[in-house]
Amino acid sequence: MDADTKPEVAPVPVSNSAWSDQLAEMMAWFEGNPNLPEKIEPIVMLRFLKCMAYDVKKTKALVELNYSMRNKHPHLFMDRNMNDEMTAKGLKVSDCLILPGITPEGNKLLFFRMTDFDPSTRNSVEETKIFFMLSDARFTRPDVEVDDGKEYVLDEADIASGDVQIVDIEGYTLRHLAYVSIFVLRIYMKFLQEAYPCRLKAMHVINCPSFLDKLVSMMSPFLREEVRNMIKYHTEGLESLYAEVPRDMLPEEYGGKAGTVEQLKARSIQSLREKSEYLSDERFWKVTSQSKSRWLWF
């Protein structure tokens, strides 16, 4: 795509901060880069900047890798439709929740669990697709709770410094391992560790099974050492989890006050529906000159 075919991005209200000039620079760079899509939301670009500590050079590399990987694997990152039968099934058999608010450390809590323990219902492609659909929808909004009735002024303080994942693996058996696509797992972990616009700060695994060692062995080849060191396995109840994350921010079923899992899931699905047009709009995702990208081999 020629640079002069890209539409101008409308200005967005921003707080009077040092990063506003860097954001303007990155938006202009994005518009003129033929190896990137036509459009990006300013808040999404700000997330990339914050993830890389406002280092413009590193942010540019992260952005290019992100969109190159998306276009290399469109079945995971771009071919998405809320009305798709397989996606609807994936949403039904698992709970993937983005919990309200941020922790005192400035992190966002994400929660995952199975709702159907039948191993044959697992689908690595749909599970990965749904996670990144939810993430992409979330990234267009601040991570703090804001008044939707007022004009939002973009502020980096409203964006989480990182993600903390909580994974409930109750009901997981050795049979479930047979339904995990190693190919999809490799792409998922590479994107999450190297191309995702938010740093993974910790992962908490709860309700661990007796064969935990086998599960860890399967995951280890795809994890960088620093990520492996972030994972904490809670084998004796939830008290150790409460010592790591604010208990009140958890679903009611897990001792918190954030609402029931059913209520939180309804909120997540509503978010997807509200952003369905954005998620399927190729102007935000598709690179038309992919062959020129230096990241193509990923």
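Bear in mind the structure is a predicted one, so any value in this text is a computation, not a measurement.

### Describing the overall build of the chain
Per the secondary structure count, the chain includes 13 helices and 5 strands. Since a compact globule built from 298 residues should have a radius of gyration of about 19 Å, the 19 Å found for the chain is in line with a globular shape. Each principal axis of the C-alpha distribution contributes one length, and for the chain these read about 60 × 40 × 40 Å. Counting only residues that meet the buried cut, the chain has 52% of its 298 residues in that class. Looking at charge distribution, the chain has the averaged site of its 38 positive side-chain charges lying 4 Å from that of its 46 negative ones.

### Observations regarding the confidence of the model for the chain
Mean pLDDT over the chain: 89, with 91% of residues reaching 70 or higher. A low-confidence stretch, residues 1-10 (pLDDT under 50), is modelled with 19 contacts involving residues beyond four sequence positions or located in other chains. Segment residues 290-298: pLDDT under 50, and 21 contacts once partners within four positions in sequence are set aside and those in other chains are kept.

### Regarding the sheet that holds strand β5 (residues 231-234)
Read across the sheet, 5 strands follow the order β1-β2-β3-β4-β5 without closing on themselves; strand pairing throughout is mixed. Of all strands in the sheet, those with a lone pairing partner are β1 (94-98) and β5, marking the two edges. The average angle at which neighbouring strand axes cross in this sheet is 15 degrees, direction not considered.

### Side note on helix α8 (residues 182-194)
Quick reminder: α-helices carry 3.6 residues per turn. Residues three or four places apart thus point the same way. The terminal C-alpha atoms of α8, which comprises 13 residues, lie 18 Å apart, in line with the 18 Å expected from a rise of 1.5 Å per residue. Restricting attention to buried positions, one finds in α8 the residues V184, L185, I187, Y188, M189, F191, L192 and Q193. Where α8 is buried, its residues contact α3 (56-72), α4 (74-77), α6 (124-138), β3 (162-168), α9 (212-219) and α10 (225-228).

### Concerning the packing of helix α5 (residues 85-93) against α6
Contact pair α5 / α6: the axes reach a minimum separation of 9 Å and the direction vectors enclose 80 degrees. Looking at the two axes, α5 sits roughly perpendicular to α6. In contact with M86, T87, G90 and L91 of α5, α6 contributes E126, K129, I130 and M133. The residue inventory of the contact of α5 with α6, partitioned by class, reads 4 nonpolar, 2 polar and 2 charged.

### Some points on empty space enclosed by the protein
Taken as a whole, this structure holds 6 cavities of 30 Å³ or more when the rule is applied. Along the wall of the largest cavity there are 42 residues; nearest its centre are F112, E127, V167, Y172 and Y188. It is α6 that contributes the most residues to the lining of the largest cavity, 6 residues altogether. Considering only residue class, the lining of the largest cavity consists of 27 nonpolar, 9 polar and 6 charged.

Parameters and conventions
- Residue numbers here run from 1 along each chain, matching the order of that chain's written sequence.
- Selection of residues for local features in this predicted model requires a pLDDT of at least 70, selection of side-chain atom pairs for listing and counting requires 80 or more, and totals for whole chains, interfaces and linings are taken over all residues.
- Derived side-chain values reflect all non-hydrogen atoms in the structure, with water molecules and hydrogen atoms excluded from consideration.
- Every helix listed is a DSSP run of H or I at least four residues long, and every strand listed is a run of E at least two residues long, numbered separately from the N terminus.
- In this setup the radius of gyration rests on C-alpha atoms only. A globule is expected at 2.2 Å times the number of residues raised to 0.38.
- Three exposure classes are used, based on accessible area relative to the maximum for each residue type with a 1.4 Å probe and protein chains only: buried under 20%, partly exposed in between, and exposed over 50%.
- Just so you know, the count uses Lys and Arg for positive and Asp and Glu for negative, and it drops His and the chain ends.
- Note on charges: their place is set at NZ of Lys, CZ of Arg, CG of Asp or CD of Glu.
- A residue's pLDDT is the confidence the predictor assigns to it, expressed on a 0 to 100 scale.
- We call two residues in contact whenever any of their non-hydrogen atoms come within 4.5 Å of each other.
- By definition, two strands form a pair when at least two bridges between them are found by DSSP.
- Interaxial angle, 0 to 180 degrees, is taken between N-to-C directions of lines fitted to C-alpha atoms, where a helix line uses only the stretch in contact.
- Residue count minus one, scaled by 1.5 Å, sets the expected span of a helix.
- The labels follow the angle: roughly parallel below 35 degrees, roughly antiparallel above 145, roughly perpendicular from 65 to 115, and oblique for the rest.
- Residues were grouped as follows: Ala, Val, Leu, Ile, Met, Phe, Trp, Tyr, Cys and Pro as nonpolar; Asp, Glu, Lys and Arg as charged; and all remaining residues, including Gly, as polar.
- In this analysis a 1.4 Å probe is tested at points of a 1 Å grid over the protein atoms alone, and where it fits but cannot get out there is a cavity; an open set with protein on both sides within 12 Å along at least five of seven lines is a pocket; lining residues have an atom within 4 Å of a point.
- Grid points are joined across faces, edges and corners, and a volume is the space filled by probe spheres set on the points.

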